[in-house]
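What follows is the residue order along each chain.
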Amino acid sequence: MFSLVRSLDVRENDEKTVDKLDRAGATASFLCAIHCALMPFIVTILPLLGLSFLASEPVEWGLLGLSATLGTLSLCAGFREHRSRRVFALLGIALALLVAGRIFHDHQFGAWGPVLMVLGGFTMMGAHMLNQVLCRSCRKCSDHSCH
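Described below are features of the structure shown in this document. (Residues numbered from 1 in each chain as written. Predicted model: local features only at pLDDT ≥ 70, side-chain atom pairs only at ≥ 80, totals over all residues. Heavy atoms only, no water.)

### Looking at the overall build of the protein chain
In step 1: When its secondary structure is counted, the protein chain shows five helices and zero strands.
In step 2: Reading the helices (α) and strands (β) of the protein chain from amino to carboxyl end gives α-α-α-α-α.
In step 3: Counting the 147 residues in the protein chain, one finds 37% classified as buried.
In step 4: Residue pairs at least 24 apart in sequence account for 73% of intrachain contacts in the protein chain once pairs closer than 6 positions are excluded. (Helix = DSSP H or I, 4+ residues; strand = E, 2+ residues; numbered from the N terminus. Buried < 20%, exposed > 50% of the residue type's maximum accessible area, 1.4 Å probe, protein only. Contact = heavy atoms within 4.5 Å.)

### Description of the environment of G71
In step 1: Mapped onto the secondary structure, G71 falls in helix α3 (residues 57-82).
In step 2: Residue classification places G71 among the buried positions, given a relative accessible area of 0%.
In step 3: For G71 and L95, which are 24 residues apart along the polypeptide, the C-alpha to C-alpha distance reads 9.6 Å.
In step 4: Contacts of G71, omitting those with residues within four sequence positions, involve L91 and H128.

### Structural notes on helix α4 (residues 86-106)
In step 1: Between its first and last C-alpha atoms α4 spans 30 Å; for 21 residues at 1.5 Å apiece the expected length is 30 Å, and the two agree.
In step 2: Restricting attention to buried positions, one finds in α4 the residues V87, L91, A94, L97, L98, G101 and R102. Summarising the axial view, the buried residues of α4 lie within an arc of 130°, below the 170-degree limit, and thus occupy one face. (Expected span 1.5 Å × (residues − 1). Arc of directions from axis to C-beta.)

### Focus on a positive patch on the surface
In step 1: Together, K16, K20, R23 and R136 make up a region of like positive charge exposed at the surface.
In step 2: Examining the composition of the positive patch, we find that three residues originate from one element, helix α1 (residues 2-42), more than from any other.
In step 3: Mapped onto the elements of the fold, R23 is located in helix α1.
In step 4: Residue classification places R23 among the partly exposed residues on the basis of a relative accessible area of 48%. (Patch = residues over 30% accessible without salt bridge, like charges linked within 9 Å, V, L, I, M, F, W, Y side chains within 5 Å. Areas by Shrake-Rupley, 256 points an atom, 1.4 Å probe, with all protein chains shown as cover. Salt bridge = Lys/Arg side-chain N within 4 Å of Asp/Glu carboxyl O. Lys, Arg positive; Asp, Glu negative; His and termini not counted. Charge placed at Lys NZ, Arg CZ, Asp CG, Glu CD.)

### Regarding α3
In step 1: Taking 1.5 Å per residue, 26 residues should reach 38 Å; α3 reaches 36 Å between its end C-alpha atoms and fits that length.
In step 2: Two residues or fewer after α3 comes R83, characterised by a positive phi angle close to 60°.

### Looking at the nonpolar core
In step 1: Core analysis: the biggest nonpolar cluster contains 13 residues, and C36, L75, L98 and M124 have the highest contact counts within it.
In step 2: Elements with a minimum of two residues in this core: α1, α3, α4 and α5 (112-140).
In step 3: Ranked by the residues each element gives to this core, the list is headed by α5, at five residues. (Core = buried A, V, L, I, M, F, W, Y, C linked by side-chain atoms within 4.5 Å.)

Right, here's the structure in full:
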């Protein structure tokens, strides 16, 4: 009986961790998308505000790396619960769009870089939201058929 209670406590902590990671990942993805969408418009005023570092390559690659790391961690944790590979498909598409957008931006392919990066950010946010929906639906299952 005691071990059952302990396992339930651990499961609740895991659920909270997955939820927190998904929220953090979705927020980071959303901020990344907003950053990519607004950067072409505000890049000229950043030096006046002392924020020109936000337009630098290291910051942009750092945001991309943060989004990829949070995405992978939260989706892996959620996968243990719901076993749906769809979230990884969305994550792969999102990362491909983000990387392609950065490469297009670096090689001056017009507006394609920011467009692809914004789409990638919103796609990654969608992967986190799908992960949350799948995890919540599994938690409602009384027979735990998701496992």
